[in-house]
Each structure stands twice: as C-alpha cells, then as structure tokens.
Amino acid sequence: MARIPLIAGNWKMYLSLAEAVDLGRAVAASCADLKNRQVMIAPTSAALAAVSAATQSSTVKLAAQNSGWEKEGAFTGENSPVMLKDLGVSMVILGHSERRHIFGESDAMVNRRLLAALNFGLQPILCVGEQLADRDQGNTFAVVENQLRAGLEGVSSTQLDQVVVAYEPVWAIGTGKTATKEQAQEVHAFIREKIETLYEKNLAGEIRILYGGSVKPSNVDALMGQADIDGALVGGAALDAESFDRIIHFK
Ligand code: PEP
C-alpha cells in the first residue's frame, strides 16, 4: 500500500485566537486542490475549538500538541484524548523535543500518552530525534532507536497502522539548520529498518515517517524526494499561510 504523504503544521504556542482562525481558513483553502496527500495543523489547545469550527468543512486534519494518558481525572493542565476528540481533533503530536527537553517528559510518559491516544482513537505522531551532542558523539542511531522502542512499547501490530513517526533532529528545530536530505534519509531508513525488526516487513513498509527541522519552501522538494521521507512536521514555516501553501504543494 502506498504511503500517503502527510504535511503537518505545528503552531506551538503562537497566534492569537483571531490569527489562528484566519490561518486555519487559509490552510483549508490551500488544501482544496490537493489529491493524494494529507494536511494537518496543530494549534494551541486554547484555539482548538475555534480552528475546528473554521476548518470543519475542509480536508484539513486537526491535531493537538500533546494529550493526557487518562480519560479524565486530577491532572491539572492536561487535556484528555476523549475531550480532544470532542473538539474535532483526530491526531496528536507526542514526544516533541520541546516537551522532552523543556518540560522533562520521559520516554515512559510519552509511551503512556501514545497508548492512551490509540485506545481512545487519536492518531499519534511519535517524535524522535537526537540532540547535537548525541550526533557529535556518534550516538544518533542509539538515541533514535531507544526513543522509538520506548515510545512504541506495548503497541500491537494492528495498532501500528494508526501511528506516524516524526524524525526531528533537535539541532535542526527552529534553528534554520536543516539536516541534509542524505542525513535525513539515512535516519529514516534506519527507523524503517527498526520497525521491521520490532514488527514485520509489510508494516514497516506502510508506516509514515515525517521529517521535521526547519522545513521551508526552499528545501521541502529535495527532502520529499527521498525514498523514506513520507512527509514533514513543520514549525516556523507553518505559521505563514504562503510558505505553508508552498510546502503542502511540494513537488
Ligand atoms: C517543530 O516544531 O516540530 C519544528 C520542526 O519546527 P521548525 O520547523 O521551526 O524547525
């Protein structure tokens, strides 16, 4: 089965409510002519309801930037996957490097969130990626493998088709420094190979692996031309309607 490309915009903690609604509408309009590719946007949780209403008649998928591991409970500051689904959310970014490195989220937490997302019907994007020191010390593959194994712990073969993986080298996020297409492809191929070891060949062939880290209109075509790159997780350039329009129309 062919892997349908997915371009995902992570709006992080940016945009006023009015700006988020305007951008949501612009992305929805950009997607009107798209065939055989998917587009997702992840506004802040404060803007999800409004952006959901603004994009509901479009093909744009709505995502949260994180989700809790229980249906409900005493978890101040968290959003349950069930509550997110009520808002029209269908996907969630998990284990983003900003969650891991600024807020101290562990692999175990990311895994709990991921299992809950799957159980309650949200499609998770599991983010993995090395820091600059890891790469400099030759530990890129070990770090990525550990995050991948820990994040997917307890995920069954039948659940795996709901999972998307995003390779995001931390040194390339928000820095303007993109991994070269060769660097990205090398790690994507490695991730697919590991998934084949953990599951089986046909599942490894079907899972989508996105690249994230300073994706821009100027580099998206080269990255998307790589055999194992199935889409992009875009931060900064997703906040500008024109740039994101060019990215989703990658060639
Ligand atoms: C991200 O937020 O996941 C990201 C890749 O950001 P940027 O595109 O700005 O590097």
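Remember, predicted model here, so these are calculated numbers, not experimental data.

Calculation notes
- Every chain begins its residue count from 1, and numbering advances along the sequence as written.
- Restriction of local features to residues with pLDDT of at least 70 applies here, the model being predicted, together with a cutoff of 80 or more for giving and counting side-chain atom pairs; totals for whole chains, interfaces and linings are based on all residues.
- To get the side-chain values, take all heavy atoms of the structure and skip hydrogens and water.
- Between Lys or Arg on one side and Asp or Glu on the other, a salt bridge is scored when a side-chain nitrogen of the former is within 4 Å of a carboxyl oxygen of the latter.
- Every helix listed is a DSSP run of H or I at least four residues long, and every strand listed is a run of E at least two residues long, numbered separately from the N terminus.
- Residues are labelled near a given molecule or strand when at least one of their non-hydrogen atoms is within 4 Å of it.
- Polar contact is defined as a pair of N or O atoms within 3.5 Å, subject to the rule that within protein one atom must be able to donate a hydrogen and the other to accept it, and that residues adjacent in sequence are counted only when both atoms are side-chain atoms.
- Only the protein chains shown count as cover for residues, and all accessible areas are computed by the Shrake-Rupley method using a 1.4 Å probe.
- Ten residues, namely Ala, Val, Leu, Ile, Met, Phe, Trp, Tyr, Cys and Pro, are considered nonpolar, four, namely Asp, Glu, Lys and Arg, are considered charged, and the remaining ones, Gly among them, are considered polar.
- Stacked, tilted and edge-to-face are the three classes applied to pairs of Phe, Tyr and Trp rings, where Trp contributes its six-membered ring and a pair requires centres within 6.5 Å; stacked means planes under 30 degrees apart, edge-to-face means over 60, and tilted covers the rest.
- Any residue under 20% of the maximum accessible area for its type is buried, any over 50% is exposed, and the rest in between are partly exposed; the area is computed with a 1.4 Å probe on protein chains only.
- Think of it as a cone above the ring: NZ of Lys or CZ of Arg counts as a charge over the ring if it is within 6 Å of the ring centre and within 35 degrees of the ring normal.
- For this analysis, residues touch if any pair of their heavy atoms sits within 4.5 Å.

A. Here's a closer look at the pattern of salt bridges. Applying the stated criterion to the full structure yields 13 salt bridges. We note a salt bridge from Glu145 to Lys194, for which the minimum N-O separation is 3.9 Å. Of this pair, Glu145 sits in helix H7 (residues 140-151) while Lys194 sits in helix H9 (residues 181-198), and the two are 49 residues apart along the sequence. Among the charged side chains, a salt-bridge network with shared partners connects Arg3, Arg192, Asp228 and Asp230.

B. View of the site of the ligand. Looking at the ligand, there are 14 residues lining it, with Lys12, Glu168, Gly174, Ser214 and Gly235 nearest. Gly236 places a polar main-chain atom, nitrogen or oxygen, 2.8 Å from an oxygen atom of the ligand. Within the complex, the protein chains bury 96% of what would otherwise be the 290 Å² of accessible surface of the ligand. For the shell around the ligand, the residue count by class is 4 nonpolar, 8 polar and 2 charged.

C. Local environment of the packing of aromatic side chains. Taken as a whole and judged by the stated rule, the model has 3 aromatic pairs. A centroid spacing of 4.7 Å and a plane angle of 50 degrees characterise the contact between Phe141 and Phe190, whose relative ring orientation is tilted. Highlighted residues: Phe141 in helix H7 and Phe190 in helix H9, separated in sequence by 49 residues. Residue Phe141 is classed as partly exposed on the basis of its relative accessible area of 30%. The exposure class assigned to Phe190 is buried, which follows from its relative accessible area of 14%. Sitting above the plane of the Phe250 ring, Arg37 keeps its charged end 3.7 Å from the centroid. A cation over an aromatic ring shows up here: Arg99 above the ring of Phe103, its NZ or CZ 4.1 Å from the ring centre.

D. Representation of the side chain of Gln185. Among the structural elements, Gln185 can be located in helix H9. For Gln185, a relative accessible area of 16% puts it in the buried group. In contact with Gln185, not counting residues within four places along its chain, are Gln226, Ala227, Asp228 and Ile229.

Bear in mind that shape data such as this cannot, by itself, settle questions of function.
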